[in-house]
Amino acid sequence: MTLFPRSLEEWYKPFTKEEKTWFILAFIVAIILAATTVGWFLIDPYHQVPIESYAISPSMFDKLATTFANLYKDKIIPEDVDVYIVAHQFYFTPSKIILKKGVTYRIHISSADVLHGLSIIGKDGTVYNLMIMPGMAYVIHIIFDKAGIYDIHCNEYCGSGHHLMTATIEVV
Amino acid sequence: MTETGFRRCMATGLLVHLASQRLIVFNFLMGIISLIIGGIAAIFVGLTRSSFVLLEQLRLEHTYYYWLNLHGFNMLIFWILWFEVALIYFVATILLNAPLYSIRLGWLSFILMLIGWLIMNVMNITGNSIVLFTAYIPLSAPPIFYLGYLLFALGVAIAVVNFFLTLYKARIEGKYTGHLPLVTWGAGIAAIIGLVVVAHGVFALIYALLFSSNYGLKGDVMFYRWFFWGLGHSAQYVNVTAMVAVWYALIALGTGFVAAKFINERYARIAFAMYTLFVVPGIGHHILVDPGFSTIFKQASGSVGSHFLSVPSMLHALALLGGVEATLRASGHTSLLGWLKKIPWRNPAISGMLLSMILFGIGGITAQPQTTLQPNLLFHNTMWVPGHFHLTVVGGTSLAFMSLSYYIVPLLTEKKLMSSKIATIQIYLFFIGIFILALSMTWLGWLGSPRRTFISYEELIEHNWFTPAIFLGIGALIAIISGILFILNIILTILVSKKASSATELLKGLISPIEIKDEKESKKTGALVIVIILLVIIMLAVYFVSFIRLEGLPKIW
Ligand code: HEM
Ligand SMILES: [Cu+2]
Ligand SMILES: [Cu+2]
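These numbers were taken from a predicted model, which means no experiment stands behind them. (Residues numbered from 1 in each chain as written. Chains lettered and ligands numbered in written order. Predicted model: local features only at pLDDT ≥ 70, side-chain atom pairs only at ≥ 80, totals over all residues.)

## Quick notes on the overall build of chain A
Each helix and strand counted, chain A has three helices and 10 strands in total. Rg of the C-alpha trace for chain A: 24 Å, well past the compact-globule value of 16 Å for 172 residues, more than 25% over. Each principal axis of the C-alpha atoms in chain A carries an extent, and together these give about 80 × 35 × 30 Å. Here chain A holds 172 residues, and the buried ones make up 45% of them. Considering only intrachain contacts with a sequence separation of at least 6, the fraction spanning at least 24 residues in chain A is 68%. (Helix = DSSP H or I, 4+ residues; strand = E, 2+ residues; numbered from the N terminus. Rg over C-alpha atoms; globule rule 2.2 N^0.38 Å. Buried ≥ 20, exposed ≤ 12 C-beta atoms within 10 Å, placed from the backbone. Contact = placed C-beta atoms within 7 Å.)

Take a look at the structure:
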């Protein structure tokens, strides 16, 4: 009886065949799930969570990104230039970047104030989500293969104007 | 003769300590009040995230976060935790014929929780603390808010300690013989995990308190996020474990104790114990796409660790479904799946348990890709996540708690349930509502719609989020109607319903006994087939599809 106290002999039942099978199967499923994520490093090294990051003060990063935004306003960003994007309550600087397709870019992203999030949402079904943290810059290596517009959206609640935080990546 | 201060339950014959019972009722009622507040907020968040409300003014661009904040706190923290405190008192006192270790400590815990609850809800309602339940620094609320959070947590911690002392005292005073009932044992595991929660919680909240009171603490978000999720993640396993314990109570109550005999308790107890092993390693799945944490750490803690957390829940699925099958086979329905038709589907406990299991199971399926390092890139902070937890903690835990309420309230008040028919209808409506709501959230998440975000019309249309958002609204309305039925049924039972004069009157409409013909027939093959289809084939399919999708997106590393 699950609701009343019982003696050991009463509840200490051997497993049935089905129960044994399922016990083993449940662990096998967990092992398959876990092995896949580990194996994925070998299967596809180019669809991975970015690993590069560095500590930097929010004000310092803000300066870097603002300088970058002024330099490349409405310009196509050349291949060997690192991209900087800073998140503020409630906007991104730069609010638009133009990238070339098929080129590997390094996008540095960090926050000037509170926690934010980066969603890249494209018409081609692209959805990527990362965190943007004050004091820590994320370096994202990314290659867009198709030309088009990708929307950037903040995905971490950051205050009353959170939903206004959008930006654009144009791939040409 | 019963001792003074006790009454004998007419339905179960258990000794009920009256002062402990009062505490249980008060904690339960605070849970109901929180559910009402959270439910009112659910109307606004539900309609705002739907797309069929055509007036932009009704879609609450400026107050969305206000309602979301109120909803999150009152539902996830207050409704669930008040109920759980009532639950651990119930299983430690009434099921063991024992009084609570200390009634005073019980009231102390209640008052601390009440003060914390009042502070937080006053701050929430006046709009001074819209930080959402995660309260990530450096966003901050006035220090008193964190103090309220802490008092609430402290109150819960005292309740947990009181629970353990109650078990200890009942044991040494010989209030019961043999081993703890399975339900009490499961709740005990929940309480142990509760201690992990409190340990992390106190740390995270004091940190946030110091930060918000400007003592010069710089406030490291990474650090805070780790400890917050030490609280937040582990707390979800308190909810899971408590829910599973409730399932075992429901299967016994609904069948008049018949089906409980066919549960393999040893299997269930091993599964319960496994939760404690795997909880802490899972904390990392909340920081999978944060900068700064090392990949090996994320992988080991977040993904690999978390997958093993589903093993105990998978085992419980077979233990319970197998228990139902074995009972029905023993009553003469011996074909592989024929017993499914013979399940007492109209019984509020059995339907509550099985529908809660289904929703929780689907939640477990959507959990797998989201807890995995690489596919987390697709789902992190999208509507996939609220989709997942509206399946687990709403469809799973809340539905199980609602279903159990239909039994606990009559047993405690000795009053007949207002309407057992409406109870069953309510359970089905909630199942349908949450199923639609949560799967449309999941769909929105697949399309990249961010969570905790007001979405304008232009965006709904631009990103093809319009259609799933229609379903979201429909699901929300059904679930809200169901919630109103639940609250009315419970409140009217307490206020209006008459005292029952006999056990049969008290339990009318609540029990569906099953007649056992041949115990030897009790096989569990059908249940095994079902769990293999749902939790192996479909689960792995959803998981691999996420990887395949990732493969087709722009390269990222
Ligand atoms: C009538 C039923 C309900 C409806 C219609 C509903 C609807 C919603 C919606 C639309 C959101 C917002 C998603 C977003 O923008 O991120 C949400 C968030 C949430 N809901 Fe519910 N919900 C219901 C019941 C519940 C219950 C019973 C619980 C508790 C166990 C719950 C817990 C939460 C939590 C924790 C959040 C997240 C808050 C946050 O992100 O800060 N909900 N709900
Ligand atoms: Cu934001
Ligand atoms: Cu977690």
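The rest of the description comes next.
## A closer look at the environment of B:Ile137
Here B:Ile137 shows up in the loop between helix H3 (103–125) and helix H4 (143–172). Excluding its chain neighbours within four sequence positions, the residues that come into contact with B:Ile137 are B:Ala208, B:Phe211, B:Gly219, B:Val221 and B:Tyr224.

## Quick notes on the site of ligand 1
Residues and elements named next belong to chain B. Around ligand 1 lies a shell of 25 residues, among which Gly46, Gly72, Met75, Arg451 and Ala476 are the nearest. Counting only elements with at least two residues in the shell around ligand 1, the list comes to helix H1 (18–49), helix H2 (64–93), helix H11 (384–413) and helix H14 (466–495). For the shell around ligand 1, the element with the most residues is H2, which contributes six residues. A per-class count over the shell around ligand 1 returns 15 nonpolar, seven polar and three charged. Shared between two domains, the shell around ligand 1 takes at least three residues from each, and those domains are domain 1 (19–250) and domain 2 (255–281 + 304–557). (Near = placed C-beta within 6 Å. Nonpolar A, V, L, I, M, F, W, Y, C, P; charged D, E, K, R; others polar. Domains from an automatic or database assignment.)

## Looking at the domain arrangement of chain A
Where the parts come together, the accessible area they lose is often given as the size of the interface. Taken domain by domain, chain A comprises domain 1 (13–43) and domain 2 (53–171). Distance from the C-alpha centre of domain 1 of chain A to the C-alpha centre of domain 2 of chain A: 40 Å.

## Things to note about the domain arrangement of chain B
Residues and elements named next belong to chain B. What the domain assignment reports for chain B is domain 1 (19–250) and domain 2 (255–281 + 304–557). The C-alpha centroid of domain 2 is placed 21 Å from the C-alpha centroid of domain 1. Across the contact, 45 residues belong to domain 1 and 41 residues belong to domain 2.

## With respect to unusual backbone geometry
Here the bond from A:Thr93 into A:Pro94 is cis, since omega is -10°, no more than 30 degrees from zero. If you trace the backbone, A:Pro94 turns up in the loop between strand E3 (91–93) and strand E4 (96–99). Residue B:Ile137 is joined to B:Pro138 through a cis peptide bond whose omega torsion reads 0°. Structurally, B:Pro138 can be placed in the loop between H3 and H4. Of note, the phi angle at A:Asp74 is positive, near 60°, even though the residue is not glycine. Locating A:Asp74 in the fold gives a position in the loop between helix H3 (58–71) and strand E2 (83–88). Unlike most non-glycine residues, B:Leu132 shows phi in positive territory, near 60°. As for its position among the elements, B:Leu132 is in the loop between H3 and H4. Residue classification places B:Leu132 among the partly exposed positions, given that 17 C-beta atoms sit within 10 Å.

## Some details on the interface of chain A and chain B
In this complex, chain A contributes 71 residues to the contact, which on the side of chain B involves 77 residues. Listing elements by their share of the side of chain A that touches chain B, those giving two or more residues are helix H1 (8–11), helix H2 (17–43), strand E6 (116–122), strand E7 (127–132) and strand E8 (136–143) of chain A. If you tally residues by element for the side of chain A that touches chain B, the top one is H2(A), at 17 residues. By residue class, the composition of the side of chain A that touches chain B is 43 nonpolar, 20 polar and eight charged. Judged from the two bridges that link them, E8(A) and strand E3 (residues 555–556) of chain B form a sheet pairing that is antiparallel. Residue pairing across strands places A:Ile142 opposite B:Ile556, the latter belonging to E3(B). (Pairing = 2+ DSSP bridges.)

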